[in-house]
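# Chains, contacts and geometry: an overview
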Amino acid sequence: MSWGTELWDQYDNLAIHTNKGIEFLDKYANFIRDRLAIETEYATKLRRLVKNYQPKKKEEEDNEFTSCQAFRKVLNEISDLAGQREVVAESLQLQIIQGISLLSKTLRDERKKCLSNGTYLHQNLTTQLAALDRAKRNYEKAYRDSEKAVDNYKKADMDLNLSRAEVERYKNIMTAKIQQSDDAKNEYANQLQKSNNLQQQHYHELLPEVFNRLQELDEKRTRGIREFIIGAADVESSVAPIIARCLEGMVKAGESINEKEDSYKVIERYQSGFTPPSDIPFEDLSKLDTLDSSQESHFNHVQSSHLTVKGTISANKIKKRVGIFNIFGGNKNSLTADGQKEDFSDLPPNQRRKKLQAKIGELQQKIQQETAARDGLMKMKVVYEANSSLGNPMTVEGQLNESEHKLEKLKMDLKKYQGYLEKANQIPMANNSPQANRTSSMNNGHRSSRHSNGSTEDNNYDGDFQPDDAGSLSSSASPESGLGTSHTSLPGSGHGSAHENAMGEDAYYETEMEPLQPLGTCRALYPFEATSEGSIPMNEGEELQVIEIDQGDGWTRVRRMNNSNGWDEGFVPTSYIECTLYA
């Protein structure tokens, strides 16, 4: 279907229609601009949201929890999601809006040219029709004048009163009028032929060409809108896989949250290591002989219980108090910036080993850096000695001596901390840890606590025994509690002096325990990574010695055989091993 043949008489309507079409194209461009602004604003707000919820420095200690780690991953994925929205906005600007603007300008120019050509054709046709109308009117007037002249001549020729000259004059007038009528007729016929030819050409050739061009422009506009709509969808589709991966990352981050692991970490962080206070004994006032001793015992009991609660609630404050108690102690170790001892002997064995290993790694890295610096200075000195014009070798001598001094000091520190680590590796798990006390605490409701001087004392425990869960693998005398190795070693507890408490922490951990006899062997069914204090890692298929069977809490105490550092023992999940006990 062609506009030129079907809409030959709808010039004005076609002009209006094409103008509305271009206005619709501009309206779609405004729609894309508004959407682009929304995408940009959305991306900006997402980035601001991520920035506002980024963990602060004071919250870094909570990053060890799986929920916090998952939230950080979610923030990273949302940041990537914001980047994809920015990509969508940029692509809409470059591919869609610029394309629409170019197409709209082209269509307007072409339409204007077509309409100008159509207006020119209409003016030509109108001019020719006006000429035809004038020729027709002239012919009609000349024809009427010729007929009147003929009538006048006939009347004059019949009138006998007129002279021959008068009749001849009427005849000449008639002849002139007839000639004028013939000329007007010929002119009218000529103009009619020209008008018909021009009208034929106008409506069958010239104007259809203009209309067909307008049709092509309108179809081009419609085709452009289709391509732009599809292009906008393609822009969205191009980032859809990346957005889907961001969403998958959020799902994986959520799935990585382990409530049990977080619970264990809370236990490791806040466990004071003390047992709940036992029942307060009844004081029989009738027994005057034992009144003083009973009151003193009760006072000591209440004080130790109070410190236990304080240690659980406000560990950091009590920890500072321990430092005061140890001022006059026999341990000469200096304290670090955070109040811990230089050899970390105030920490449980596993935590002490971790701290020492980290310190040794730090010292080894410093030694490597300082060695490289020394080698560079030595090379520089050799070059200066070979060519004095480059520099004075004595200027490097001082720096080289200082580097040697630093290197020697670092090596001495490394050797010292390696000695600490070797010493820590020979120390078994603390006897007052929940795992070490598990068996002894079941014997007749009694518990055995070791004083800082190495002695033990049986204390009656009337409470019901409950086996430790898998999360209680950290030492019960954790230094985080701020109360030292045991609440019985605090001043005023009635079980030791301040001097005993000061000199007892190292002596406590350095006391060698008699190795337990193996109860059998076991084989690791699955690999296990030790994440809690008191547990040890194992590889799949590894053979270990069983030195304490599962007491109902899901953990078995094992010993690693043929260890180069002596023997290493700890707890592993019972479900991860296959045990073979001796008969």
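Model, not experiment: these values are computed from the prediction.

### Section: the overall build of the protein chain
A tally of regular secondary structure across the protein chain gives 10 helices and seven strands. Of all 583 residues assigned to the protein chain, the portion counted as buried reaches 37%. Restricting the contact set of the protein chain to residue pairs at least 6 apart, pairs at least 24 apart contribute 72%. Within the structure as shown, the protein chain displays about 34900 Å² of accessible surface, and the carbon and sulfur contribution to it stands at 52%.

### Some thoughts on the nonpolar core
By size, the foremost hydrophobic cluster in this structure holds 39 residues, and its most contacted members are L25, Y28, L92, I96, I100, F211 and F228. Elements with a minimum of two residues in this core: α2 (11-52), α3 (66-158) and α4 (164-255). Per element, the largest residue contribution to this core is 15 residues, and it comes from α3.

### Some details on the environment of M174
For M174, the position within the fold is in helix α4. A relative accessible area of 14% means that M174 is categorised as buried. Placed 20 residues apart in sequence, M174 and K154 show a C-alpha to C-alpha distance of 9.7 Å. Sequence-distant contacts of M174, that is, excluding residues within four places in its chain, are made with A149, V150 and Y153.

### Digging into the packing of aromatic side chains
If you walk through the whole model with that rule in mind, you get nine aromatic pairs. With centroids separated by 5.4 Å and ring planes inclined at 90°, the aromatic side chains of W8 and Y203 adopt a geometry described as edge-to-face. Separated by 195 residues along the polypeptide, W8 in the loop between α1 (3-6) and α2 and Y203 in helix α4 bring together distant segments of the chain. With centroids separated by 6.3 Å and ring planes inclined at 40°, the aromatic side chains of Y139 and Y143 adopt a geometry described as tilted. Separated by four residues within a single helix, Y139 and Y143 lie in helix α3, roughly one turn from each other.

### Thoughts on the packing of α2 against α3
Interaxial distance between α2 and α3 falls to 8 Å at its minimum, and their mutual angle equals 165°. Classified by the angle between their axes, α2 and α3 sit roughly antiparallel to one another. Pair α2 / α3 crosses with left-handed handedness. Per-class residue counts for the contact of α2 with α3 are 25 nonpolar, 11 polar and 10 charged.

### So, the pattern of salt bridges
Taken as a whole and assessed by the stated rule, the structure comprises 26 salt bridges. In this structure, the salt-bridge partner of K105 is D109, at a minimum N-O distance of 3.4 Å. A residue pair is termed a helical-turn pair when its members lie 3 or 4 positions apart in one helix, as K105 and D109 do in helix α3 at four residues. The salt bridge partner of K409 is D413, with a shortest N-O separation of 3.4 Å.

### Observations regarding the confidence of the model for the protein chain
Regions with low pLDDT carry predicted coordinates that are not meant to be interpreted in detail. Across the protein chain, pLDDT averages 75, with 71% of residues at or above 70. When the elements of the protein chain are averaged for pLDDT, helix α7 (residues 315-325) gives the smallest value, 35, and α2 the largest, 93. Every residue in residues 297-332 is under pLDDT 50, and counting partners more than four places away or in other chains gives 55 contacts. Across residues 429-512, where pLDDT falls below 50, the model places 201 contacts with residues more than four positions away in sequence or in other chains.

### Observations concerning α3
Counted at 1.5 Å a residue, the expected span for α3 with its 93 residues is 138 Å, and the 134 Å between its end C-alpha atoms agrees. The largest bend in α3 is about 35°, located at Q93.

### Quick notes on the side chain of T66
Along the chain, T66 turns up in helix α3. Those residues in contact with T66 that sit more than four places away from it in its chain are S256, I257, N258, E261 and D262.

### Here's the deal with the pairing of strand β3 (residues 520-524)
Of the two faces of β3, the one lined by G520, C522 and A524 is fully buried and the one lined by T521 and R523 carries no buried residue. One ladder, built from four bridges, connects β3 with strand β4 (residues 543-548); its direction is antiparallel. Bridging from a neighbouring strand, G520 pairs with V546 of β4. Summarising the sheet, β3 and strand β7 (residues 577-581) pair through five bridges and their orientation is antiparallel. Within the sheet, the bridge partner assigned to T521 lies in β7 and is T580.

### Some details on the packing of α2 against α4
Put simply, α2 and α4 touch, their axes get as near as 11 Å, and they point 15° apart. By the angle between their axes, α2 is roughly parallel relative to α4. The element α2 and its partner α4 pack so that their crossing is left-handed. Residues Y11, L14, H17, T18, G21, I22, F24, L25, Y28, R35 and E39 of α2 pack against L207, F211, L214, D218, R221, I225, F228, I229, A232 and E236 of α4. Counted by class, the contact of α2 with α4 contains 13 nonpolar, three polar and five charged residues.

### A few points about the environment of S403
Among the secondary structure elements, S403 is positioned in helix α9 (residues 393-425). By relative accessible area, S403 is classed as buried at 4%. Setting aside residues up to four positions removed in sequence, S403 forms contacts with E370, R374 and L377.

### Some points on a nonpolar patch on the surface
Together, L49, Y53 and F71 give the surface a local cluster of nonpolar side chains, amounting to about 300 Å² of exposed area. Counting through the fold element by element, Y53 comes out in the loop between α2 and α3. Among the residues examined, Y53 registers a relative accessible area of 51% and is labelled exposed.

The rules behind each value
- Residues numbered from 1 in each chain as written.
- Predicted model: local features only at pLDDT ≥ 70, side-chain atom pairs only at ≥ 80, totals over all residues.
- Heavy atoms only, no water.
- Helix = DSSP H or I, 4+ residues; strand = E, 2+ residues; numbered from the N terminus.
- Buried < 20%, exposed > 50% of the residue type's maximum accessible area, 1.4 Å probe, protein only.
- Contact = heavy atoms within 4.5 Å.
- Areas by Shrake-Rupley, 256 points an atom, 1.4 Å probe, with all protein chains shown as cover.
- Core = buried A, V, L, I, M, F, W, Y, C linked by side-chain atoms within 4.5 Å.
- Phe/Tyr/Trp six-rings, centres within 6.5 Å; stacked < 30°, edge-to-face > 60°.
- Axes fitted to C-alpha atoms, helices over the stretch in contact; angles between N-to-C directions.
- Parallel < 35°, antiparallel > 145°, perpendicular 65-115°, else oblique.
- Left-handed = near helix turned anticlockwise from the far one by under 90°.
- Nonpolar A, V, L, I, M, F, W, Y, C, P; charged D, E, K, R; others polar.
- Salt bridge = Lys/Arg side-chain N within 4 Å of Asp/Glu carboxyl O.
- pLDDT = per-residue confidence, 0-100.
- Expected span 1.5 Å × (residues − 1).
- Bend = angle between axes of the 7 residues up to and from the residue.
- Pairing = 2+ DSSP bridges.
- Patch = residues over 30% accessible without salt bridge, like charges linked within 9 Å, V, L, I, M, F, W, Y side chains within 5 Å.

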